[in-house]
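# Secondary and tertiary structure notes
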Amino acid sequence: MLEAKSFFQQVELLSIGLEQVRLEVEQEQYSLALKSYREYFHDKLKRFNLKLTKLSPDYRQEADLLLQNRISLLNSPLIDIGSPIDWLMVPGEDKQWQSHLVYFYFPECLIHAYLETKDRVYLDKWCMIVTDFIHNVAYGVPTLEYDPAYPKYLTEDEQFKGGEGRLPDFYGGPWISLSSSTRVNKWLASLCMLADVDEIPDELFCLILHSIVTDHAYNMINNPRSHPNQYFHVSTALSMLGIFLSEFKIASACYLIGMQRIEHAVEHLLLPDGSDLEQSFNYNKAIPNFFHEVLCLYGNEPTRRISALLPRIKDRCLFLANITTPLKQWPNIAKQHLADATPQLARWAEQYDLPEISQLIDRLNGNSNEDGVLSVFFPYGGFYVMRSGWKRDSLYMMYKASRLSVGHMHEDCNSIFMTAYGRNLLIDSGNYNYSDDERSIKINAYFYSSLAHNTISVDGASQKRLERHRQGADWTKLAALKQPIRKRSSISPDFDFVEGEYNDGYDHGIQVAHERQIMFVKDLFWIVTDRLRSCEPHHYTLAWQFPANFRPDQIDIHVDKQRVRTTDPQGANLEIYHFSANPMALELKYGESTPYAGWSTSEYDQMTESADILGTWHGTDDQLVVSLLFPHRGEPDDSFTITNLANDPNCCGFLMEQQDGNRIAYIASLTEGTLTYRDFNMTGEALLLRWNEQGSLRGMALSCEKMSYDGQPLDLRGETNFHFEVADDGFSLLGNFQQ
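Residues numbered from 1 in each chain as written. Predicted model: local features only at pLDDT ≥ 70, side-chain atom pairs only at ≥ 80, totals over all residues. Heavy atoms only, no water.

## Quick look at the sheet that holds strand β9 (residues 423–426)
Our working definition: Two strands are said to pair when DSSP picks up at least two bridges between them. We count a stretch as a helix when DSSP gives it H or I for four or more residues in a row; a strand needs E for two or more, and each element gets its number in order from the N terminus. Axis definition: a line fitted to C-alpha atoms, over the contacting stretch in the case of helices. Angles run 0 to 180 degrees between N-to-C directions.
Strand order in the open sheet made by the five strands is β5-β6-β7-β8-β9, with antiparallel pairing throughout. Each edge of the open sheet carries a strand with a single partner, namely β5 (376–378) and β9. Adjacent strand axes in the sheet meet at a mean angle of 15 degrees when their direction is disregarded. Two strands pair when backbone bridges link them, and strand β8 (residues 415–420) and β9 are joined in this way by three bridges, in the antiparallel orientation. Across the sheet, M418 pairs through a bridge with L426, a residue of β9.

This is the structure:
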């Protein structure tokens, strides 16, 4: 039992507002002092007014099950956790389950159920659970594996030397600082919501606060964490502790250290365009939420330091708003699962006074006919969004050409995510779980790999940035990310263009550079051009990941035409045509397990059969492949024809002719060479031409050294990458590229 005298030893009794408490402590009237302190603390709880979000609409049912000691975490079946609770249990060998148990999300339903019903049984159960944890899993409990605690002045920039306590042979557990920060958030918010409740025993009240300002505070100070989102979470929890519990002796240190780390995180974690180092949207969508929890504690008087960070946090919100798909989702990059993002966006619009996000939501909901910002590029993070609009049936693609970074990530450089006509057509296969049983290790290896993303693998080998990440990349020293990726890009009324490169090697020491270019022919389709640079022979695999709502019998593979198309009569479909000097072998993978292939995930620990299309070919040197990605509202029809324009081993291209008179021709060269189509002759890298039904022509040229039309040289005014038009009054340049 914690004595009141020991509790008050943690309190700075000279704090403003504690004059009566100090007098009673000096007189050793500890019961009166605690009563006075709780009155002081009650006023603080009402002022700060933190809230717990209802994680589930079924919280009453969850609360009733918890009264029977039964819970479900991470989509697990109902588990009997016992009473007292077995805090170190690992159901199904998923140690992440245990981490979520000690994060203290699961008892929140009891708070909500109690406030709704006023039934003391829910409050008593919550008190029992918190008491159980503090008494039985206090810092130092011998069943955990602890890092050694070195002097901080000798290990200031090193991880795992601050005495964290975790499950044996696992990176998570009750006393890593991430767990500590989550409990601080949950416990303080719970006390706020129970501010008018007198039934919380004095002993538990003292236990909670004492644990926060001792074990939890020390753990967070000594262990800042290396993953960017975790670093930010721990930093904001420290600052919250320092503000909320400002009368405790440790509070000033917590506040100053927490604020310094928040500033450090905003400077190094958030990139200038609002994207971030950690390439997983679900984790860093929490950054504005954590920041807002701290900001609210200042009331109407935020300080200079916190106010200076606001513009960067708003940029983060705007980044996530602008990448939202027409289906109101964020692409499921790395650990993200597909879900409606608009409730979160609406909160940010209100919390951060961002009317542009409210307007964006109106467009997504069909309540506005304004186009707003369409295609938008984020060249620091390497995310590029091309869209025709915001309505549900609009065309959308995200291209990910990010650089080596840190935190949660997959081997997905040069991958794409596509939505059109109300349906996801190409997806990221997703993320399975964090378990380390033999089956999960094999499944997770697939979902991490390049084969589970819309990119290219070499000799069956995946990209290998994760290997470098696991060797300890330091996100505070990735100075290159402070500058935009130096690649060409362009947005115009007719075409969008982006390009990226992966050149960090593949597994087994394979060195191949993968260059990818994407052109959006507005409102029609995308062209993907892949160049692979190597002086050695390799087998290459181009992967396309289809969502689970396409059955295998709805995917038609025509090897002779080098075509893959879906044929679902109930929704949008996709045709993919390939053009290359070396024809591909096209193969469908669906729900296979030796090895794993043909799967996608919708939630944690849940996977569903889905179609992977693998196009494989052998090449002896540099390779060039052009892919036409053509979405349809319904089933593909005969309203167009496709002609292969390849006339040279080093050139690929096609002509699409539509019945309405639209005609698009595209030719690309492996190296800068001669490209010819009808009246056009060009020396360069790629040429795109589009005629509309009236016969007018607009085009785009890449790395153009010279160009002639109808036998006449054209004045390019020194430009090499440009959009152009040919009309009755001749040839004219329309704009050049960013680089």
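## Comments concerning the nonpolar core
Heads up, the rule is: Side-chain atoms within 4.5 Å link the members of a nonpolar core, which is a set of buried Ala, Val, Leu, Ile, Met, Phe, Trp, Tyr and Cys residues. The buried label applies to any residue whose accessible area, calculated with a 1.4 Å probe on protein chains only, is under 20% of its type's maximum; exposed applies above 50%, and partly exposed to all values in between. Working rule for contacts: check all heavy atoms of both residues, and any pair within 4.5 Å makes them a contact.
F8 and Y37 are the most contacted members of the largest nonpolar core, which totals 137 residues. Ranked by residue count, the leading element in this core is helix α9 (residues 202–222), at eleven residues. Among residues more than four places away in sequence, those in contact with Y37 are F7, F8, L18, V21, F205, L209, E247 and F248.

## Let's talk about the pairing of strand β25 (residues 623–632)
Counting buried residues in β25 gives ten out of ten residues, a clear majority hidden from the surface. By the alternation rule, side chains of β25 split into Q623, V625, S627, L629 and P631 and L624, V626, L628, F630 and H632, which are all buried. Here strand β18 (residues 573–580) runs beside β25; their pairing, made up of eight bridges, is antiparallel. Of the residues in β25, the one forming a bridge with E575 is F630.

## As for the pattern of salt bridges
Let me state the cut-off plainly: By salt bridge we mean one thing: a side-chain nitrogen of Lys or Arg within 4 Å of a carboxyl oxygen of Asp or Glu.
Per the stated rule, a full pass over the model turns up 36 salt bridges. Residues E515 and R533 are paired through a salt bridge, measuring 3.3 Å at the closest nitrogen-oxygen approach. Linking E515 in strand β13 (residues 513–521) with R533 in strand β14 (residues 525–533), this pair joins segments that are 18 residues apart in sequence. Salt bridges sharing common partners tie together D147, E164, R166 and R225.

## Concerning the sheet that holds β25
The sheet built from eight strands is open, its strands ordered β11-β12-β13-β14-β25-β18-β17-β16 with antiparallel pairing. Either end of the sheet is taken by a strand with one partner, and the two such strands are β11 (489–491) and β16 (555–558). The mean inter-strand angle of the sheet, taken between neighbouring strand axes irrespective of direction, is 15 degrees. Pairing of strand β17 (residues 563–566) with β18 involves three bridges; the strand directions are antiparallel.

## Digging into the layout of surface pockets
Rules: Cavities and pockets are found on a 1 Å grid laid over the protein atoms alone: a cavity is a set of points where a 1.4 Å probe fits but cannot escape, a pocket is an open set with protein on both sides within 12 Å along at least five of seven lines, and a lining residue has an atom within 4 Å of such a point. Grid points are joined across faces, edges and corners, and a volume is the space filled by probe spheres set on the points. Side-chain classes are defined by residue name, with Ala, Val, Leu, Ile, Met, Phe, Trp, Tyr, Cys and Pro counting as nonpolar, Asp, Glu, Lys and Arg as charged, and the others, Gly among them, as polar.
Roughly 350 Å³ of internal volume is contained in the second largest pocket. When residues of the lining of the second largest pocket are traced back to their parent elements, those giving at least two are α17 (438–448), β20 (592–593), β21 (596–597) and β24 (611–619). Considering each element in turn, the lining of the second largest pocket owes the most residues, three residues, to α17. Residues that form the lining of the second largest pocket fall into these classes: eight nonpolar, seven polar and four charged.

## Some details on the environment of S307
Along the chain, the position of S307 falls in helix α14 (residues 304–322). The partly exposed category is assigned to S307, whose relative accessible area is 29%. For the pair S307 and Y432, spaced 125 residues apart in sequence, the C-alpha separation works out to 38 Å.

Just distances and angles here, no functional claims.
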